[in-house]
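Notes for the structure review
Each chain is listed here by its residues.
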Amino acid sequence: MTKAAIRVVLIACISAAALAPVRAQDVTPLKIGLILPYKGVWAAPVENIDRGFRVALAEFGNKTAGRPVEVVRADDELTPNVAVQKFNKLVQFDKVDVIGGGVSSNVAIALSELADRAKKPVVMTNAHADEITGKLCSPYVARTSFSANAFQYGAGKYWAQKGVKKVVTMTADYSAGHSFMDAFKRGFEDGGGQVVQQIWTPFQKTRDWSAALGQAGASGAEFIYAFYSGSEAVQVVKQHADFGMREKVPLIGDQWLFDEVGWPALGDLVIGGKFVASYLPGAQNEANRKFVAAYRQMFNEDPDVNAALGYDNGKTIMLTLEKLGGKMPDDTAGFMTALRTVNFDAPRGKIRFNAQNSAQLEKEYLVEIVKGADGKPDRRQLDEFSGAEDLPGCTKSF
Amino acid sequence: MTRHVTIEPVAEQACDSEPARGMDVQRVLVLATCALALLLLPFISSEYVLTLAVEVMIAGVFASGLNVLIGYTGLASAGHAMFFGLGGYGIGIGTAIYGWPLWASVPVTLVCVAAISAVVGAICTRTRGVEFLLITLAFCQMFYGAAVKLRLTNGTDGMAGIPRPDLSWLGLSADGSIVFYGYVALVAVAALLLVARIVHSPFGSVLIAIRENERRAMAMGYAVGAYKIGAFTLSGVVCALAGILQAQYTYFINPDSMSWQSSGEGILMVIIGGADAVMGPFIGAAVFVLVKQGLSLITGEYNLFFGIFFMLVVAFFRGGVVGAFRTLIGKWR
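Just so you know, these numbers come straight off a predicted model, no measurement behind them.

Quick notes on the overall build of chain A
In terms of helices and strands, chain A carries 12 helices and 15 strands. Against the globule reference of 21 Å for 398 residues, chain A gives a C-alpha radius of gyration of 24 Å, in line with a compact fold. Split into buried and exposed, the 398 residues of chain A put 52% on the buried side. When contacts within chain A are restricted to residue pairs at least 6 apart in sequence, long-range pairs at least 24 apart make up 71% of them.

In structure tokens:
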């Protein structure tokens, strides 16, 4: 090769190298990390969260301000230490711009601490523990669902205002159980009712609820308000019916006690069940009609509450990114500042954020399970009422 | 003292079949390579590699602590995650609840864990074999249960905001990956040297004698019981040290770190690396963390393949990775 030829090749290489980053800049996708417990006991609801998230991104054509959006998924295995590893992988290896997901409260607490130190925005899907946007609040952590207090205080107050005087609560003896039922108790008693007894059962260690149900039956309460999830929920509903308590002391719960995932196992027992929900597919509003149609088109079934939570999470992230012109600001706290101004009509009702980056629960629904036209169980909305404010406790100024 | 000396050559033989001098050169070479690699890593690798290295070193300290018992004393404990967890809880309680500074919380934690492990060890080492395995597991579950129930430490939610060392007087922040890597590397090397020093001391020789033939050690006049409690305590304290590092690495501690799965992972690392070498558990930890990480990049079902990998190691690598390496060198010579 002659000198001139070498020179030409060299110049070509250098200019190509110099141009490459510029071109790459335009097409580099914006990356969202999604940390969810994909496998294990919550696999079924988490699949729906992920689907809801996909529907939200598809609504924007998987693009923000012309820039493609890529989702990198990670399984936290419901274990904080694993979640920390996955967080580090997403941030340092995959170089994601923002992280969504976060279901169980222990994982969420670990993640929020990391987000705060690494200054990486984390937008939680579920993570209802009050501390997330209370005691442990961080300018880098937001939540698109609702706090335990918003949901259960609202539910408690509603029942008291409906004229119910005495209630017994029943749940598993662990952190989420305590924060949910304590919030219900506050709401119920502020509304003028009385929680005659709070029953705590061993968490994931029992399949026999006879003692607890016996106590509840003898407590003189008008109904049992319970929070259980997964297989525990199915067993509690079943045994409650087996003891013939359905007429005397009905079992009323929240959306996890009568989770749709458990319906096939319960058969006709679900008919007549009443529960408080943050979302139902039959909710009468424009945003929900669009969401249900999109979800049906993609997955050929109705979305459940988990799908709605995933959708709200994805949509909040996308709306924030649009406000920022598809770019993560150098000061990543700017992402949350933009997120706080996001305000949209979600399938569950209006979503807006408070000063601690926590989504507010505009509405809660009282739902009854009825037999649908096709003989399968279906939801019927009985009433709607407003959710409560979050508990105070955030000490950081944003 | 004299009677300690008499047992030493026997123990050396039981430990390494290579001639002593060749082993020394080899050991120095291996150590020098490791030290160089540790020093160079921050300059040649990405932030993520450093994070993985931190995970490897923490797991390595944990496995080394466990190996004092499994490899050297011949007692397989299925409950050492309790000390791992107690380390993290110790500094969590010290700093968050009592408001003590970290430099006070760490030694207090280690002393408390030493006391607890001495008591637990005194009870557990009265048994051996499967009974020892089960009673350590039972103690571990007991501490796990207590951590789940304890409202003081937020039950299953655990405690967030575990502090890393304050290095502002050096103008450094331990939140940065490189600085934290350096800190963990220093602690890990110190812990490894301590373990190496102890297992190669007369005390360690007695432990090996107990492993090889407890009755004979007893017949030679050693207070075997006290030695076993000593080994248990030492291993508990080293595991607690690893727990402290882990809590600082994740800024977080919750009961999961005391689960039996976490104890089991420690045993896996010891077996993969090779139980009869000081570096064995470290190499086992490295293989454990990196193979798991590599597999999880390829498939979500990585635990299945990791299980197969572990079976292959047990089936084909006698004495773990280190043992296989030694056999290979032996053949090559």
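What about the interface of chain B and chain A?
Counting from both sides, the interface comprises 19 residues of chain B and, opposite them, 22 residues of chain A. In terms of residues, the side of chain B that touches chain A owes the most to one element, helix α3 (residues 47-73) of chain B, which gives four residues. Here the residues of the side of chain B that touches chain A sort into four nonpolar, 10 polar and five charged.

Some points on the confidence of the model for chain A
Residues and elements named next belong to chain A. Mean pLDDT over chain A works out to 89, with 93% of the residues at or above the 70 mark. Mean pLDDT per element in chain A: helix α1 (residues 3-27) is the minimum at 54, and strand β5 (residues 122-124) is the maximum at 96. Low confidence marks residues 19-24, where pLDDT is under 50. Its contacts with residues over four positions away, or in another chain, come to zero contacts.

Structural notes on unusual backbone geometry
Residues and elements named next belong to chain A. Look at N62: it is not a glycine, yet its phi comes out positive at around 55°. Its place among the elements puts N62 in the loop between α2 (43-59) and β2 (63-64). One non-glycine residue, N300, adopts positive backbone phi at about 60°. Considering the arrangement of structural elements, one finds N300 in the loop between α10 (286-299) and α11 (305-323). With 7 C-beta atoms counted inside 10 Å, the residue N300 sits in the exposed group.

Focus: the domain arrangement of chain A
Residues and elements named next belong to chain A. With domains assigned, chain A is organised as domain 1 (27-146 + 284-352) and domain 2 (149-277 + 364-385). Spacing between the C-alpha centres of domain 1 and domain 2 amounts to 28 Å. Contacts between the two partners involve 10 residues from domain 1, matched on the other side by 11 residues from domain 2. Within the side of domain 1 that touches domain 2, the residues separate by chemical class into six nonpolar, two polar and two charged.

Looking at the pairing of strand β11 (residues 274-277) of chain A
All names here are of chain A. Of the pairings in the sheet, the one linking strand β10 (residues 251-254) to β11 comprises three bridges and is parallel in character. Bridge assignment links D254 to a residue of β11, and that residue is V276. Both β11 and strand β14 (residues 364-371) contribute to a ladder of four bridges, which runs antiparallel. Bridge pairing in β14 places F275 opposite V367.

A look at the nonpolar core
In this structure, A:L111, A:I224, B:I58, B:V61, B:V238, B:A240 and B:L241 are the most contacted members of the largest nonpolar core, which totals 208 residues. With 16 residues, the single largest contributor to this core is α3(B). If near-sequence neighbours (up to four positions away) are discounted, B:V238 is found in contact with B:V61, B:S64, B:G65, B:V68, B:A191 and B:V195.

Conventions adopted
- Every chain is numbered on its own, with residues counted from 1 as its sequence reads.
- Chain letters and ligand numbers both follow the written order, the letters beginning at A and the numbers at 1.
- It should be noted that, the model being predicted, local features are given only for residues of pLDDT at least 70 and side-chain atom pairs only at 80 or more, the latter also being counted only at that level, while totals for whole chains, interfaces and linings use all residues.
- Under the DSSP-based scheme used, a helix requires at least four consecutive residues in state H or I and a strand at least two consecutive residues in state E, with every element numbered from the N terminus.
- When we talk radius of gyration, it's over C-alpha atoms, and the globule rule is simply 2.2 Å times the number of residues to the 0.38.
- Our exposure labels follow a C-beta count within 10 Å of each residue's own C-beta, placed from the backbone: buried means 20 or more other C-beta atoms, exposed means 12 or fewer, and partly exposed covers the counts in between.
- We call two residues in contact whenever the C-beta atoms placed from their backbones are within 7 Å.
- Classes in brief: Ala, Val, Leu, Ile, Met, Phe, Trp, Tyr, Cys and Pro nonpolar; Asp, Glu, Lys and Arg charged; the others, Gly included, polar.
- As a per-residue measure, pLDDT tells how confident the predictor is, with possible values from 0 to 100.
- Domain start and end points were adopted from an automatic or database domain assignment.
- Two strands pair under a simple rule: DSSP has to find at least two bridges between them.
- Any nonpolar core is a set of buried residues, restricted to Ala, Val, Leu, Ile, Met, Phe, Trp, Tyr and Cys, that join up through C-beta atoms within 7 Å.

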